[in-house]
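Read off the chains here:
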Amino acid sequence: MKKGTFWLEEKPEGGVTIWIEDYEVEAFGGADYEWCYSFDSANTRKLTDILSRSNGGSLKHMIEEEFGIHLDKKSAKLWLDENGVEYEFFSWVHYN
């Protein structure tokens, strides 16, 4: 498997989506696996506020510091759930 790096998409209404894709994932028969966490504006503010307690810089930088460039430093889902940050999660597999 080749780990992808996350990217951040800002939404017009003030929310954000965090995207990431891994490539040639063995568990999916060598397919690519993409997933994202999508936040509305209120939960984007909450995410930013909580991350800024222990990190500095832009939201993208704070996400990288907290979760790693591959989002594998710690479980983002567990952290979000523990901190009461609401999100929508989407995932899909791209078969080659």
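Residues numbered from 1 in each chain as written. Predicted model: local features only at pLDDT ≥ 70, side-chain atom pairs only at ≥ 80, totals over all residues. Heavy atoms only, no water.

(A) Inspection of the sheet that holds strand β4 (residues 88–94) at higher detail. Taken in spatial order, the four strands of this open sheet run β1-β2-β3-β4, and their pairing is antiparallel. Strand pairing shows two members of the sheet lacking a second neighbour, β1 (7–10) and β4, which therefore form its edges. Geometrically, the sheet is characterised by an average inter-axis angle of 20° between neighbouring strands, direction not taken into account. As paired strands, β1 and strand β2 (residues 16–25) are joined by four bridges and run antiparallel to one another. Pairing of E9 across the sheet is with T17, part of β2. (Pairing = 2+ DSSP bridges. Helix = DSSP H or I, 4+ residues; strand = E, 2+ residues; numbered from the N terminus. Axes fitted to C-alpha atoms, helices over the stretch in contact; angles between N-to-C directions.)

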